[in-house]
Amino acid sequence: MLHIGCHLSISKGFLHIGKEASSIDADTFQFFTRNPQGGQAKDIDPADVQKYNAYAAEHKFAKIVAHAPYTLNPCSDKPETREFAEMVFADDLKRMEFVPNNYYNFHPGSHVGQGVETGIGMITDLLNRILKPEQTTTVLLETMSGKGSEVGSTFEELAEIIAGVKLSDKMGVCLDTCHVFAAGYDIVNNLDGVLCYFDEVIGLNRLKAVHLNDSLMPFASHKDRHAKIGEGCIGKKALVDFVNHPAIRSLPIILETPNDLAGYATEIKMMRNA
Ligand code: FE
Ligand code: FE
Ligand code: ZN
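Described below are features of the structure shown in this document.

Now for the sheet that holds strand β6 (residues 171-176). Pairing in this closed barrel of eight strands is parallel, and the strands run β1-β2-β3-β4-β5-β6-β7-β10 around the ring. The sheet shows a mean angle of 30° between the axes of neighbouring strands, taken without regard to direction. In this fold helix α3 (residues 79-96) packs onto β2 (28-32), β3 (65-67), β4 (103-106) and β5 (138-142), with an angle of close to 160° to the strand it touches most, β4. Relative to strand β1 (residues 3-7), helix α9 (residues 261-273) is tilted by about 160°, and along the sheet it contacts β1, β7 (207-212) and β10 (252-255).

Okay, here's the thing in structure tokens:
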């Protein structure tokens, strides 16, 4: 059975989001740790989290994925932006321990003209300062489409970041199907080849979660526009084949398609019944 869910709002708390996930036959979900544009996180309610942890265990939820705000850029050229990224990242990791043993996904960042190598250095420096041996959360680098000066649109860049992290057992990768397709990895015509190359460069043992999205933009466009399943350039068949691949089918799969709750329910059903 697939472990599949979608992005949901945490604004009403963890127990609410858990029940909402169950209501659409999801057994995992993703949420923003705070406003996606950054800003203050809501205080964690220990009673709510305790109820959620019991609920998730009872309903056999797979690991869940927290998503860092989009404004978090560890390789900005502005020191204050890098400091903000570090503050948010460290605070989010502390809060993640309320729901232990799950995933924290972030966009590696945009080097804004400083060059990929400088960017990667800043990203690994930040990770080396804030990862803790005792943390139970695995931090995931999201595969990016390569728009603008984004770091992390090639498997080599992701591997280089992981190699630079001392506590690399805390690191993994979240593969976004829209992003890798837009970055030029042909999961439509050469899925085995792409996953084999991922294994060679990064190691499939690092692949921890999936963002399942169709792509409005064509192959290798380096543009990041999600489409509903079957309404983009990847297509339903390729996405069904993707989730059922032996290297993928046991991972938590998160839909980030442009949908309301009913739309997500339809896509979850579609993938479970395919
Ligand atoms: Fe993302
Ligand atoms: Fe994504
Ligand atoms: Zn995206």
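Still to come is the rest of the account.
What follows deals with the coordination of the iron ion (ligand 1). Listed as protein donors to the iron ion (ligand 1) are H67 (NE2), H107 (NE2) and E142 (OE); their distances from the metal cover 2.1 to 2.3 Å. Read in sequence order, the donor residues for the iron ion (ligand 1) give the motif H-x39-H-x34-E. Separating the iron ion (ligand 1) from the iron ion (ligand 2) is a gap of 3.3 Å, bridged by E142, which donates to each. Linking H67 in strand β3 with H107 in the loop between β4 and α4 (116-130), this pair joins segments that are 40 residues apart in sequence. Here H67 matches H107 in class, with each residue buried.

Each donor-metal-donor angle in an ideal tetrahedron of four donors is 109.5 degrees, and each such angle in an ideal octahedron of six donors is either 90 or 180 degrees. Surrounding the iron ion (ligand 2) are the protein donor atoms E142 (OE), D176 (OD), H211 (ND1) and E256 (OE), which sit 2.1 to 2.3 Å from the metal. In this structure, the iron ion (ligand 2) is coordinated by four donor atoms arranged in irregular fashion, with angles at the metal of 84 to 173°. Sequence positions of the donors to the iron ion (ligand 2) reduce to the motif E-x33-D-x34-H-x44-E.

With that settled, the discussion passes to the environment of D91. Here D91 lies in helix α3. Along the backbone, D91 and T81 are ten residues apart, and their C-alpha atoms lie at a distance of 15 Å.

On any regular strand, side chains alternate: one points to one face of the sheet, the next to the other face. Of all six residues in β6, six are buried; the element is thus mostly enclosed. On β6, burial covers both faces: M171, V173 and L175 on one face and G172, C174 and D176 on the other are all buried. Pairing analysis gives four bridges linking β5 to β6, with the strands arranged parallel. Across the sheet, residue E142 finds its bridge partner in β6, namely C174. Handedness of the crossover is the feature at issue here: the chain leaves β5, passes through helix α5 (residues 155-164), returns alongside β6, and the resulting connection is right-handed. With four bridges joining them, β6 and β7 adopt parallel strand pairing.

Another aspect to go through is the nonpolar core. Considering soluble globular proteins, one finds that nonpolar side chains tend to be buried as a cluster. With 77 residues, the main nonpolar core has F89, L127 and L212 as its most contacted residues. Element by element, the count of residues in this core is highest for α4, at six residues. Discounting chain neighbours no more than four positions away, the residues touching L212 are T177, I229, L239, F242, V243, I253, I254, L255, E256, T257 and M271. One finds V65, L140, C174 and A209 within the second-largest nonpolar core, a separate group that totals six residues.

Attention now moves to the side chain of T257. By secondary structure assignment, the location of T257 is in the loop between β10 and α9. On the basis of relative accessibility, which here comes to 2%, the residue T257 falls in the buried class. Here the side chain of T257 touches E267 through a polar contact of 2.7 Å, side chain to side chain. Setting aside residues up to four positions removed in sequence, T257 forms contacts with L212, N213, D214, A227, K228, I229, Y264 and E267.

Looking now at the packing of aromatic side chains. Each aromatic ring pair is characterised by the separation of its centres together with the angle its planes make. For the structure on display, the rule yields 14 aromatic pairs. Between F32 and Y70 the ring centres are 5.4 Å apart and the planes differ by 80°, which places this aromatic pair in the edge-to-face class. On the criterion of sequence distance, the pair formed by F32 in strand β2 and Y70 in the loop between β3 and α3 is long-range, its members being 38 residues apart. By relative accessible area, which is 16% here, F32 ends up buried. Here Y70 falls in the partly exposed class, since its relative accessible area comes to 46%. Between F89 and Y104 the ring centres are 5.0 Å apart and the planes differ by 55°, which places this aromatic pair in the tilted class. Of this pair, F89 sits in helix α3 while Y104 sits in strand β4; the two residues are 15 residues apart in sequence, bridging distant segments of the chain. A relative accessible area of 0% places F89 in the buried class. On the basis of relative accessibility, which here comes to 0%, the residue Y104 falls in the buried class. In this structure an aromatic cluster arises from ring pairing among F14, F29, F31, Y52, Y55 and F61. Positioned above the aromatic ring of Y103, the side-chain terminus of K63 is 5.9 Å from the ring centre.

The rules behind the values
Along each chain, residues carry numbers from 1 onward, in the same order as the chain's sequence is written. Here the convention is simple: chains get letters from A, ligands get numbers from 1, in the order in which they are written. For this predicted model, a pLDDT threshold of at least 70 governs which residues receive local features, and a threshold of 80 or more governs which side-chain atom pairs are given and counted, while totals over whole chains, interfaces and linings are taken from all residues. To obtain the side-chain values, all non-hydrogen atoms of the structure were included, while hydrogens and water were left out. If DSSP finds at least two bridges between two strands, the strands pair. Elements are defined by DSSP. Helices are runs of H or I of four residues or more, strands are runs of E of two residues or more, and each kind is numbered from the N terminus. Think of each axis as a best-fit line through the C-alpha atoms, taken over the contacting stretch in the case of a helix, with angles from 0 to 180 degrees between the N-to-C directions. Throughout, a contact is declared for two residues whenever any of their heavy atoms are within 4.5 Å. Metal donors: N, O and S atoms at distances within 2.8 Å, or within 3.2 Å for Na, K and Ca, with water omitted from the atom set so that some sites may seem incomplete. Between buried and exposed lies partly exposed: a residue is buried under 20% and exposed over 50% of the maximum accessible area for its type, with that area taken using a 1.4 Å probe on protein chains only. Donor angles set the geometry label: tetrahedral for four donors if every angle is between 85 and 135 degrees, square planar for four and octahedral for six if opposite donors exceed 155 degrees and the others are between 65 and 115, irregular for anything else. By convention, a crossover is right-handed whenever its connection, traced from the first strand over the helix to the second and viewed with the strands pointing away, goes clockwise. Nonpolar core, defined: a set of buried Ala, Val, Leu, Ile, Met, Phe, Trp, Tyr and Cys residues in which side-chain atoms within 4.5 Å join the residues together. Throughout this description, a polar contact denotes any pair of N or O atoms lying within 3.5 Å of each other; where both atoms belong to protein, one of them has to be capable of donating a hydrogen while the other can accept it, and for residues adjacent in sequence the pair is counted only when both atoms sit in side chains. Stacked, tilted and edge-to-face are the three classes assigned to paired rings of Phe, Tyr and Trp, where Trp is represented by its six-membered ring and a pair needs centres within 6.5 Å; plane angles under 30 degrees give stacked, over 60 edge-to-face, the rest tilted. A ring is scored as having a charge over it whenever the NZ atom of a lysine or the CZ atom of an arginine sits within 6 Å of its centre and within 35 degrees of its normal.

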